[in-house]
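Take a look at the letters that make up each chain.
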Amino acid sequence: MVAESKQNIKEEVADIFTYLLQLADKMNIDLEEEAFKKMEKNEVKYPVNKEK
């Protein structure tokens, strides 16, 4: 049962990823470039305190 649920989730994530790739392609969006830009933005907005 748990393995079946996990497999269903994997398939749904794959569907979402496929649709995202298709949308990005149609809109001429470089997903890798935009993801890196967003990570840089998030580093400024949500800095990680490395001192513990």
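Refer to the structure presented above.
Please read all numbers here as calculations on a predicted model, not as lab measurements. (Residues numbered from 1 in each chain as written. Predicted model: local features only at pLDDT ≥ 70, side-chain atom pairs only at ≥ 80, totals over all residues. Heavy atoms only, no water.)

How should I be thinking about the overall build of the protein in this particular structure?
Check the secondary structure of the protein and you find two helices and zero strands. A globule of 52 residues ought to have a C-alpha radius of gyration of about 10 Å, yet the protein, at 17 Å, is considerably larger. Principal-axis analysis of the C-alpha atoms gives the protein an extent of 45 × 40 × 10 Å. Here the protein has roughly 5,500 Å² of accessible surface; of this, 59% comes from carbon and sulfur atoms. Where the 9 positive side-chain charges of the protein centre and where its 12 negative ones centre are 7 Å apart. (Helix = DSSP H or I, 4+ residues; strand = E, 2+ residues; numbered from the N terminus. Rg over C-alpha atoms; globule rule 2.2 N^0.38 Å. Areas by Shrake-Rupley, 256 points an atom, 1.4 Å probe, with all protein chains shown as cover. Lys, Arg positive; Asp, Glu negative; His and termini not counted. Charge placed at Lys NZ, Arg CZ, Asp CG, Glu CD.)

Help me understand the pattern of salt bridges in this model?
In a structure, side chains of opposite charge can pair up when their charged atoms sit close to one another. This structure, assessed with the given rule, holds two salt bridges. Taking the shortest distance from any N to any O, the salt bridge between Glu-33 and Lys-37 comes out at 3.4 Å. Taken together, the positions of Glu-33 and Lys-37, both in helix α2 (residues 31-45) and four residues apart, correspond to about one turn of that helix. Judged by its relative accessible area of 39%, Glu-33 is partly exposed. (Salt bridge = Lys/Arg side-chain N within 4 Å of Asp/Glu carboxyl O. Buried < 20%, exposed > 50% of the residue type's maximum accessible area, 1.4 Å probe, protein only.)

What am I meant to see in α2 here?
One turn of the α-helix equals 3.6 residues, which is why residues spaced by three or four share an orientation. Taking 1.5 Å per residue, 15 residues should reach 21 Å; α2 reaches 21 Å between its end C-alpha atoms and fits that length. Here α2 starts with a cap whose side-chain oxygen sits 3.2 Å from the backbone nitrogen of Glu-32, and that cap is Asp-30. (Expected span 1.5 Å × (residues − 1). Polar contact = N/O pair within 3.5 Å; in protein donor to acceptor, adjacent residues only side chain to side chain.)

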